[in-house]
Amino acid sequence: NPDVYGCLYLTDREAAGAVEQLARFRGQRLIEAMLVRRSLPLALAALDLPDDSELVDLDDPAELRRRRLRPSRVATRDRVITQPQALDIYRDTGAAGIRWWSIHESLWANYTLFDRSVSALSVAEIRPLELGDPAVAEAAEFLGLPPGST
């Protein structure tokens, strides 16, 4: 819904962020070029959001029931389905964002933070991803990406 709001897509753990970026390479060997987008290195940023920030938790059955959402319609890559859900949440609440489970591993949480929460965010750390990074190693193992030749 870029015509209504901007957003950041985040994860609750570093490896999940790396998995999101490397999943498209399943079946290939992990090489440095996979850690670059638009000629820029991929990086992990640790962000802090105040504890009292409201997040609509779509992993909470009561919240799904209240919003009349089915889990299968939340955990889809089909934006024709998910964008109206996000727009309703944006318009109906003052929430900083939305929490839901990862399509890669249900125990991992993903977040969409709306642009209205940006002023509350602070950056704790940013680091470029490299082949030897623990998050990249964990993601490669999760996805079955063997190391490429050097």
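Structure: see above.
What counts as what
Residues numbered from 1 in each chain as written. Predicted model: local features only at pLDDT ≥ 70, side-chain atom pairs only at ≥ 80, totals over all residues. Heavy atoms only, no water. Helix = DSSP H or I, 4+ residues; strand = E, 2+ residues; numbered from the N terminus. Contact = heavy atoms within 4.5 Å. Polar contact = N/O pair within 3.5 Å; in protein donor to acceptor, adjacent residues only side chain to side chain. Axes fitted to C-alpha atoms, helices over the stretch in contact; angles between N-to-C directions. Parallel < 35°, antiparallel > 145°, perpendicular 65-115°, else oblique. Left-handed = near helix turned anticlockwise from the far one by under 90°. Buried < 20%, exposed > 50% of the residue type's maximum accessible area, 1.4 Å probe, protein only. Arc of directions from axis to C-beta.

**Considerations on the environment of aspartate 12**
Working step 1: Of note, aspartate 12 is situated in the loop between strand S1 (7-11) and helix H1 (14-22).
Working step 2: Separated by 87 residues in the primary sequence, aspartate 12 and arginine 99 have C-alpha atoms spaced 9.7 Å apart.
Working step 3: Once residues lying within four places of it in the same chain are set aside, the contact partners of aspartate 12 are Leu107, Trp108, Ala109 and Tyr111.
Working step 4: A distance of 3.1 Å separates polar atoms of two side chains, one belonging to aspartate 12 and the other to arginine 13.

**So, the packing of H1 against helix H5 (residues 134-143)**
Working step 1: Relative orientation of the contacting elements H1 and H5 amounts to 55 degrees, with a least axis distance of 8 Å. With respect to H5, the axis of H1 lies oblique. Our pair here, H1 against H5, has a crossing hand that is right-handed. Facing Glu14, Ala15, Ala18, Val19 and Leu22 of H1, the residues of H5 in contact are Ala135, Val136, Glu138, Ala139, Phe142 and Leu143.

**Focus on H5**
Working step 1: Regarding H5, the residues found buried are Ala135, Val136, Ala139, Ala140 and Leu143. Within H5, the buried residues cover an arc of 130 degrees as seen down the axis, which keeps them to one side. In this structure, H5 carries Pro134 and Glu141 as exposed residues pointing more than 90 degrees from its buried face.
Working step 2: Contact partners of the buried residues in H5: H1, strand S4 (43-48) and strand S8 (122-128).
Working step 3: Measuring from the side-chain oxygen of the N-cap residue of H5 to the backbone nitrogen of alanine 135 gives 2.8 Å; that N-cap residue is aspartate 133.
Working step 4: Where H5 terminates, the next one or two residues include glycine 144, which has phi positive at roughly 70 degrees.

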